[in-house]
Amino acid sequence: MVSTGQVSPDWYDQPQDEWVLLVGGGAHLLIEGAGEMVLGPGDHLLIPAHVRHRVTWTDPARPTIWLAIHFPAGAESGPDG
């Protein structure tokens, strides 16, 4: 995904886990119950299923490039457990 100053109009509440990597640019991500995170290139995090979150800022001066991978909740340990 590429953002150029966009923010989330509403909270995301997804049924799957999501792993996010900020490849370039900058962003602020608000995670319910954990506060706001400032993300820069190379920062990554796992957002468990049904943890509400929203993007509150992306850099308007340069593209913010995200890699987001969604997978079934609890599957992060892989096929061998």
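Above this text is the structure in question.
The rules behind the values
- Residues numbered from 1 in each chain as written.
- Predicted model: local features only at pLDDT ≥ 70, side-chain atom pairs only at ≥ 80, totals over all residues.
- Heavy atoms only, no water.
- Core = buried A, V, L, I, M, F, W, Y, C linked by side-chain atoms within 4.5 Å.
- Buried < 20%, exposed > 50% of the residue type's maximum accessible area, 1.4 Å probe, protein only.
- Helix = DSSP H or I, 4+ residues; strand = E, 2+ residues; numbered from the N terminus.
- Contact = heavy atoms within 4.5 Å.
- Pairing = 2+ DSSP bridges.
- Axes fitted to C-alpha atoms, helices over the stretch in contact; angles between N-to-C directions.

A. Representation of the nonpolar core. Residues Val-20, Leu-22, Ala-27, Leu-29, Ile-31, Leu-39, Leu-45, Ile-47, Val-55 and Trp-66 constitute the largest nonpolar core, which totals 10 residues. The biggest single contributor to this core is strand E3 (residues 27–31), with 3 residues. Leu-45 has contacts with Glu-18, Trp-19, Val-20, Leu-29, Ile-31, Met-37 and Leu-39, leaving out every residue within four places of it along the chain.

B. Spatial organisation of the sheet that holds strand E6 (residues 53–58). On the basis of which strands lie adjacent, the open sheet formed by 3 strands has the order E4-E3-E6 and antiparallel pairing. Two strands in the sheet have a free side with no partner beyond their single neighbour: strand E4 (35–39) and E6. Each strand of the sheet is rotated relative to its neighbour by a mean of 25°, with strand direction disregarded. Strand direction decides the pairing type here: E3 and E4, joined by 5 bridges, are antiparallel. In the strand pairing of E4, Ile-31 is matched with Gly-35.

C. Local environment of the pairing of strand E2 (residues 17–24). Summarising burial for E2: 6 of the 8 residues are buried, a large majority. Bridging between E2 and strand E7 (residues 64–71) involves 7 bridges; their strand directions are antiparallel. Looking at the pairing, Gly-24 lines up with Ile-65 of E7. Judged from the 4 bridges that link them, E2 and strand E5 (residues 44–47) form a sheet pairing that is antiparallel. When the sheet's bridge partners are listed, Leu-21 is paired in E5 with His-44.

Note that every value here comes from positions in space, so none of it alone points to a role or purpose.
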